[in-house]
Amino acid sequence: IESAEKRTKAERMFGLLDGFLKNDSISLQKDILHHVAYTVARSPFSFDDFEAYQALAHSVRDRLIERCHDTQIYFNNKDPKRLYFLSLEYLMGRSLSNSVINLGIRDQYADALNQLGFEFEVVAEQEGDAALGNGGLARLSACQMDSLATLDYPVWGYGLRYQYGLFRQVIVDGFQHEQPDYWLNFGNPWEIERVHVSYTVKFYGTVKEELRNGENCKVWEPGEIVEAVAYDNPIPGYGTRNTITLRLWAAKPSDQQDMESYNTGDYINAVLNRHGLENISSILYPDDRSYQGKELRLKQQYFFVSASVQDIIRRFKDTHSNFDEFPEKVALQLNDTHPSLAIAEVMRLLVDVEHLGWDRAWDMVCKIFSFTTHTVSREGLEKIPVDLLSSLLPRHLQIIYDINFNFMEELKKRIGLDYDRLSRMSIIEEGAVKSIRMANLAIVCSHTVNGVSRVHSELLKTRLFKDFYEHWPHKFHYKTNGVTQRRWIVVSNPGLSSLISKWLGTEAWIRNIDLLTVLQEHASDPDLHREWKMVKKVNKMRLAEYIEAMSGLKVSIDAMFDVQTKRIHEYKRQLLNILGIIHRYDCIKNMDSKDRKRVVPRVCIIGGKAAPGYEIAKKIIKLCYAVAEKINDDSDIGDLLKLVFIPDYNVSVAELVIPGADLSQHLSTAGHEASGTGSMKFLMNGCLLLATEDGSTIEIIEEIGADNMFLFGAKLHEVPALREEGPSLKVPLQFSRVVRMIREGHFGYEDYFKSLCDTIEGRDHYLLGADFGSYLEAQAAADKVFVDQEKWTRMSILSTAGSGRFSSDKTIEDYAEKTWGIQPCRCPL
Ligand code: F58
């Protein structure tokens, strides 16, 4: 603080505040009771677990706010290059446990609660999930935010504050039903509403040309104006004071809208119309192809990027008088193509509003944007119909046309008039519905295009974006995905976390994941084996209790817990798993009692949501229930085989399921999973993987060795020839037999399952028949090792020990150095 007078004033205020918040047990108890009385407005002498959660969360929030302020002040003083991470989805899950662990005050809070007569675990269970995303991509964003904070990078995350998160999955008679997730119902203590941070976002209207200072300028006169209000979600780092911000935008009616109607006396309609505008941020689109081309989805994309880009430029201008340093201070990361309109928005603001001139603005755009794609399929690429864009964002369409014109001219100079190639690379797709290819826009305007695993990047270079790779080989890279060990070991598996710290003699692995490899030295130590198995047993008991509470089914913890939890998709082949289970059931039924004694008992657990419009995925869920009913009701089978479907799989359910798994399955047909991150969470938790050689599994094999997992299935280069064979492909007899059992109604609903069976007999695009034989062999290999508990435990320890490369800390360090060019900026403690 520069002047003595100001310093004296600041010191007095700091004194009045009693300095920083204190974290001893008595201070925490006082804080909790204060919030019970004055925030939750309940009697401090009588409050329940939920009220205790609310008060506790508010006291944690106070500490987060304190750190957030300090971090921002520090960043503002240092003025480092900042990363702005743009993502339409974040799957944050619960915040309480994660926050207190990252703040380093979990034990103090547990003690404080105890003194007040509550149990930390029970209180933490009161929190609902923040599910502002669909699946892997969205959870990845959440893991990356945790790593960015922990590694002290100067970052802002930006996204949308949906009022309805991902739908809740409810199962009625084995069928999936979707229910709205109105997650803000009971308030959200983890966000700070910034009523003063708001921007107007414009839609529709027309673009006019005007002469200003002798220059032709484009002036956009909008037809609709909406206000974007900021909600800040603090993200605390672990072992650091740094707490970064995830800023989510909510749509509010703008005072500028509809002034005309007020003046002409149509007051009622003017007020009612205002309310429709809030819908922009009301609902998260589930992962359906059907939303492509929907106006509301496009509005969401633009709403969030416009507010974010305005905020970024405002922050830059706060400390800079011109734009000379803009590319040295700003890096913008596009998490898939959903935020790609940010490119056109930056151009519009720099050219039309800041009057920098096209060439200078374009030069900056090319320096600041980087793009990561999460898809492998052409059908997964986003397209926006030109008609839609022209009506909703007329100025942006012009800008995209201009970018494309310049790009095509440049390309022609390089490749001549190769019209096929030009039309493939064009940002505009001609055809029945003229569209904008969002991936092409992102590639043309970004300095770097990242894939999410090595093989994914190869597929991008040789298939999806081959032309672009040949044109700009230097742009193409990959950063193998990772997950945060803070959430996926420390929060969700405290037993394993303590065990690792004990055997490593330090907690440093929580920030420095490389230390996990030290466990390799102890992989055969009988003492570690005993403790390791005990941790797994406790986690399995916890999971078994959950299963019983949820479904009434009692499962034996001596059985192998075999888990496949992820979004339901044909390429992820949950159906292969179910066919394998039917085969196992059929085999056991045909065994005599002597052979049955040799069977390894299994509890098969499947969980995941199907997109609401994805019929085949919904049939897979129903089949799982139908098979489960048959097996679980068969007293002749007893504990040898059980099948459970876990409804409404989300982040907090994953925290319970993953630590309790012995085996986890990752069955995508080779060439279909861009990376996969679930496998990494299971791996960290010492769970053995049964998997195909796809996505990041290929890199997991390099780390822990093929001997420590159960691999099967066609490899990437074998897939085309197998597909070529079509219906003439030879499939194992066991495969035909289990499919026939479904067709013949062994599990009921034969008419309903017919179309499902048809997808795997005949064309069988995902090659279930071709891979069935080797799948069963891999399953048999897993059974064989499970009997040898010493070998199993050794493999389990080696899995955890080798999981370090799949920490999101590694991914983020790599991005920071090679893609974003940002440095840590650590706020002093
Ligand atoms: C996933 N994509 C990939 N998309 O499928 C997975 O292999 C990868 O590990 C993960 O990204 C992280 O890189 C994914 O989750 C979506 O959820 C889209 C969100 C927007 C709507 C369409 C689906």
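Parameters and conventions
Residues numbered from 1 in each chain as written. Predicted model: local features only at pLDDT ≥ 70, side-chain atom pairs only at ≥ 80, totals over all residues. Helix = DSSP H or I, 4+ residues; strand = E, 2+ residues; numbered from the N terminus. Rg over C-alpha atoms; globule rule 2.2 N^0.38 Å. Contact = placed C-beta atoms within 7 Å. Near = placed C-beta within 6 Å. Nonpolar A, V, L, I, M, F, W, Y, C, P; charged D, E, K, R; others polar. Domains from an automatic or database assignment. pLDDT = per-residue confidence, 0-100. Axes fitted to C-alpha atoms, helices over the stretch in contact; angles between N-to-C directions. Parallel < 35°, antiparallel > 145°, perpendicular 65-115°, else oblique. Left-handed = near helix turned anticlockwise from the far one by under 90°. Pairing = 2+ DSSP bridges. Buried ≥ 20, exposed ≤ 12 C-beta atoms within 10 Å, placed from the backbone. Core = buried A, V, L, I, M, F, W, Y, C linked by C-beta atoms within 7 Å. Arc of directions from axis to C-beta.

## A few points about the overall build of the chain
When helices and strands are tallied, the chain shows 34 helices and 24 strands. The C-alpha atoms of the chain give 28 Å as radius of gyration, which agrees with the globular expectation for 829 residues (28 Å, within 12%). Across the chain, the fraction of contacts at a sequence separation of at least 24, relative to all contacts at a separation of at least 6, is 76%.

## Brief notes about the site of the ligand
In the vicinity of the ligand, 16 residues are found, and the nearest of them are Gly136, Leu137, His374, Ala674 and Ser675. Along the lines of polarity and charge, the residues of the shell around the ligand split into four nonpolar, nine polar and three charged. Counting only domains with at least three residues in the shell around the ligand, you end up with domain 1 (79-94 + 129-480) and domain 2 (495-806).

## Observations concerning the confidence of the model for the chain
Averaged over all residues, the pLDDT of the chain equals 97, while 99% of them reach at least 70. Confidence estimates for the predicted assembly give a pTM of 0.98 and an ipTM of 0.99.

## Let's talk about the domain arrangement of the chain
Under the domain assignment, the chain is made up of domain 1 (79-94 + 129-480) and domain 2 (495-806). Between domain 1 and domain 2, the C-alpha centre-to-centre distance is 36 Å. With 35 residues of domain 1 at the interface, the matching set in domain 2 holds 29 residues. The residue inventory of the side of domain 1 that touches domain 2, partitioned by class, reads 13 nonpolar, 14 polar and eight charged.

## Details of the packing of helix 10 (residues 295-319) against helix 12 (residues 341-353)
One can describe the packing of helix 10 onto helix 12 by two numbers: an axis separation of 9 Å at closest approach and a directional angle of 45 degrees. Here helix 10 lies oblique to helix 12, going by the angle between them. The element helix 10 and its partner helix 12 pack so that their crossing is right-handed. Residues Gln301, Tyr302, Val305, Ser306, Val309 and Ile313 of helix 10 pack against Leu341, Ala342, Glu345, Val346 and Leu349 of helix 12. For the contact of helix 10 with helix 12, the per-class residue count stands at eight nonpolar, two polar and one charged.

## What about the sheet that holds strand 22 (residues 663-666)?
The parallel open sheet is built from six strands, whose spatial order is 21-20-19-22-23-24. Strands at the two margins of the open sheet, each flanked by one partner only, are strand 21 (641-646) and strand 24 (710-712). Averaged over all adjacent pairs, the angle separating strand axes in this sheet is 15 degrees, with direction ignored. Where strand 19 (residues 560-565) meets strand 20 (residues 602-607), six bridges bridge the pair, whose relative direction is parallel. From the neighbouring strand, Gln564 faces strand 20, where its bridge partner is Ile606. Lying on the sheet, helix 23 (residues 574-589) is in contact with strand 19, strand 20, strand 21 and strand 22; it crosses strand 21 at an angle near 155 degrees.

## Some details on the environment of Val455
Relative to the elements of secondary structure, Val455 occurs in helix 18 (residues 454-464). For Val455, a count of 25 C-beta atoms within 10 Å translates into the label buried. Between the C-alpha atom of Val455 and that of Thr480, which follows or precedes it by 25 residues, the distance is 9.5 Å. In this structure Val455 touches Gly695, Ile698 and Leu716, once residues within four positions along its chain are discounted.

## Here's the deal with the pairing of strand 4 (residues 155-160)
Burial runs high along strand 4: six of the six residues are buried. Of the two faces of strand 4, the one lined by Val155, Gly157 and Gly159 and the one lined by Trp156, Tyr158 and Leu160 are each fully buried. Where strand 1 (residues 82-86) and strand 4 come together, four bridges link them in parallel fashion. Within strand 4, the residue paired with Leu86 across the bridge is Tyr158. In the sheet, strand 4 pairs with strand 11 (residues 243-253) via five bridges, with the strands oriented parallel. Across the sheet, Gly157 pairs through a bridge with Leu246, a residue of strand 11.

## A look at the nonpolar core
Leu56, Tyr84, Phe303, Ile343, Cys624 and Val627 are the most contacted members of the largest nonpolar core, which totals 223 residues. Element by element, the count of residues in this core is highest for helix 25 (residues 615-632), at 10 residues. Here this core spans two domains, and each of domain 1 (79-94 + 129-480) and domain 2 (495-806) adds at least three residues to it. Setting aside anything within four residues of it in sequence, one finds Val627 in contact with Ile578, Ile581, Ile582, Leu643 and Phe747.

## With respect to helix 13 (residues 358-368)
All of the buried residues along helix 13 are Ala361, Val365 and Ile368. The buried residues of helix 13 occupy one face: seen down the axis, they fall within an arc of 75 degrees. Structurally, helix 13 contributes buried residues whose contacts are with helix 11 (326-329), strand 12 (330-335), helix 12, strand 13 (369-372) and helix 17 (438-445).

## Regarding the environment of Asp636
Note on placement: Asp636 falls in the loop between helix 25 and strand 21. Given 8 C-beta atoms within 10 Å, Asp636 falls into the exposed group.

## Describing the pairing of strand 1
The element strand 1 is largely enclosed, with a buried count of five among its five residues. Here strand 1 pairs with strand 12 via five bridges, running parallel. Bridge pairing in strand 12 places Arg82 opposite Val330.

## Topic: helix 21 (residues 494-504)
Within helix 21 the residues assigned to the buried category are Leu496, Ser497 and Ile500. Buried residues of helix 21, viewed axially, fall in a sector of 105 degrees; they line one side. For helix 21, the elements touching its buried residues are helix 20 (485-491) and helix 22 (526-551). Two residues or fewer after helix 21 comes Gly505, characterised by a positive phi angle close to 70 degrees.

## Observations concerning unusual backbone geometry
Among all residues except glycine, the phi angle is most often negative; among peptide bonds, the trans geometry is most common. Even without being glycine, Asp764 reaches a positive phi, approximately 40 degrees. The residue Asp764 is located in the loop between helix 31 (750-758) and helix 32 (768-787) in this model. With 22 C-beta atoms counted inside 10 Å, the residue Asp764 sits in the buried group. The backbone phi angle of Leu767 is positive, close to 60 degrees, even though this residue is not glycine. Following the sequence through the fold, Leu767 ends up in the loop between helix 31 and helix 32.

## Comments concerning the environment of Phe369
With respect to the helices and strands, Phe369 occurs in strand 13. On the neighbour-count criterion, Phe369 (24 C-beta atoms within 10 Å) is buried. Residues Phe369 and Ala626, 257 residues apart in the sequence, show an inter-C-alpha distance of 49 Å. In this structure, Phe369 is in contact with Leu332, Leu334, Ile343, Cys445, Ser446 and His447, ignoring residues within four places of it in sequence.

## As for the sheet that holds strand 14 (residues 383-385)
Spatially, the three strands line up as an open sheet ordered 14-16-15, and their pairing is antiparallel. A strand with exactly one partner marks an edge of an open sheet, and here the two such strands are strand 14 and strand 15 (428-429). Sheet topology note: the strand 15/strand 16 (residues 435-437) ladder contains two bridges and is antiparallel. Among the inter-strand pairings, Glu429 is bridged to a residue of strand 16, identified as Ser435.

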